[in-house]
Amino acid sequence: MRKVYGKDQIRYLRCSACSREFSERKRTALFNTKIEESKAISVAEHLSEGVSTKGTSRLVGVSAEAVRRLRRNLGDHSREFHDERVVDLETTSVQMDERYGYVRNKGEPFWEATAIDPESRLLVSFVVGRRNESLIGELMESTKRRLRSPRDLVLMTDGQRSYESLFSSVFGEPYRVARKGDRGRFPKARHRIKRSLAHLQLIKRHQGGRVVEVRSRVAHGSWKRVDSELEKLGYEKPNLSAIERQNGTSRRMNAYLVRKSLAFARKEESREALGWWSAVVYNFCRPQRGLREPLSRSEGHRRYEQRTPAMAANLTESIWTVANVLCCPVYSAGGTG
């Protein structure tokens, strides 16, 4: 250490190999925040609790522009943090769904598509955009990259047709059909579904704004594979309870997703940034009652060990605080510069 700067006495560090100097906040969410560290942490905590931008500004005592600037940092940092740590997952089932909100005005729906591991409750993938085949394809490809064994999986979704049409091309094994004769083009590549793969769809029928019927069907694979996975999860019947509960939690953590209110994001970037921040806080900072485990020996009145989804998925051994996430440096795949 050679020198410090700012009110928080942030250190300038020097690399012992190349002699380059850099801030100790480099590659963290606090880099170039322009406000005190304690206030930056408070802003992040307020945003993760569903407080609006201007509400956070008033409560913490910083400008609204400072909140927006930190929110952008939180979004970028959270995406890189998630990409670095949520990898090589050992799971044999994933639930996917989409939830809507609005951008610019109440007439323009903007969707978040998510994938969750129903056993650990870990949010595996998160993408945003217009609700179309491209959005679903990006979600499925992102999920596949994060799984250790994507060829042994039961996917559970709603009745959206894009899931059914894309499942075989994303998770199946490609092969080429033999050409008939010596002339003409080769047939298009097809995809083979292994016995360890299955796709379960739960199709809802609405009437008068209410769900009156839920019908389950196996779009790919066999009921035998689906039933064995449902038994492993402890489900008496097919359902999407894990992803539906996470949808409700996300709406409480994100001011832009509150139902029956005037809340909406003015920019797509703002909506995406807050969505990524909520996802990381949900995975690493929020213990869930359903994941707790009894202690082998009681410690006073404490009889259970509280766990977050990241702990249940063996990605970490402790509950992270918001300050821990903000101060944790992340590095892109291209290097550490």
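Residues numbered from 1 in each chain as written. Predicted model: local features only at pLDDT ≥ 70, side-chain atom pairs only at ≥ 80, totals over all residues. Heavy atoms only, no water.

### A short note on the overall build of the protein chain
In terms of helices and strands, the protein chain carries 10 helices and 13 strands. Here the C-alpha coordinates of the protein chain stretch approximately 75 × 55 × 55 Å along the principal axes. Here the protein chain, with 337 residues, has 43% of them falling under the buried criterion. Sequence separation of at least 24 residues holds for 59% of the intrachain contacts in the protein chain that already meet a minimum separation of 6. About 18,900 Å² of surface is accessible on the protein chain, with carbon and sulfur atoms providing 45% of the total. Across the protein chain, the mean location of the 65 positive side-chain charges is 4 Å away from that of the 41 negative side-chain charges. (Helix = DSSP H or I, 4+ residues; strand = E, 2+ residues; numbered from the N terminus. Buried < 20%, exposed > 50% of the residue type's maximum accessible area, 1.4 Å probe, protein only. Contact = heavy atoms within 4.5 Å. Areas by Shrake-Rupley, 256 points an atom, 1.4 Å probe, with all protein chains shown as cover. Lys, Arg positive; Asp, Glu negative; His and termini not counted. Charge placed at Lys NZ, Arg CZ, Asp CG, Glu CD.)

### Overview of the packing of aromatic side chains
Across all of its chains, the model carries seven aromatic pairs by this definition. The interplanar angle of 80° and the centroid separation of 5.4 Å between the aromatic rings of F81 and W320 together place this pair among those described as edge-to-face. Taken together, the residues span a long stretch of sequence, with F81 in helix α3 (residues 64-85) and W320 in the loop between α9 (309-312) and α10 (322-327) at a distance of 239 residues. Under the relative-accessibility criterion, F81 is labelled buried at 0%. Relative to W276, the ring of F126 has its centre 5.1 Å away and its plane inclined at 70°; by these criteria the two rings are edge-to-face. Residue F126 is found in strand β6 (residues 123-129), and its partner W276 is found in helix α8 (residues 268-284); the two are separated by 150 residues along the sequence. This pair shows no difference in class: F126 is buried, exactly as W276 is. An aromatic cluster is built from F81, F284 and W320, whose rings are joined through pairwise contacts. Of note, R192 hangs over the ring of Y175, and the distance from its end group to the ring centre comes to 4.2 Å. Here the guanidinium or amino end of R251 rests over the ring plane of Y100, the centre of that ring lying 5.4 Å away. (Phe/Tyr/Trp six-rings, centres within 6.5 Å; stacked < 30°, edge-to-face > 60°. Lys NZ or Arg CZ within 6 Å of the ring centre and 35° of its normal.)

### Some points on the sheet that holds strand β11 (residues 210-220)
Pairing in this open sheet of six strands is mixed, and the strands run β6-β5-β4-β7-β10-β11 from one edge to the other. Every interior strand has two partners, whereas the edge strands, β6 and β11, have only one. In this sheet, neighbouring strand axes are inclined to one another by 20° on average, regardless of whether the strands run parallel or antiparallel. The sheet contact formed by strand β5 (residues 109-116) and β6 spans six bridges and is antiparallel. The partner of E112 across the bridge, within β6, is V128. Across the sheet, helix α6 (residues 223-233) is in contact with β4 (93-102), β7 (153-157), β10 (197-207) and β11; its angle to β7 comes to roughly 85°. (Pairing = 2+ DSSP bridges. Axes fitted to C-alpha atoms, helices over the stretch in contact; angles between N-to-C directions.)

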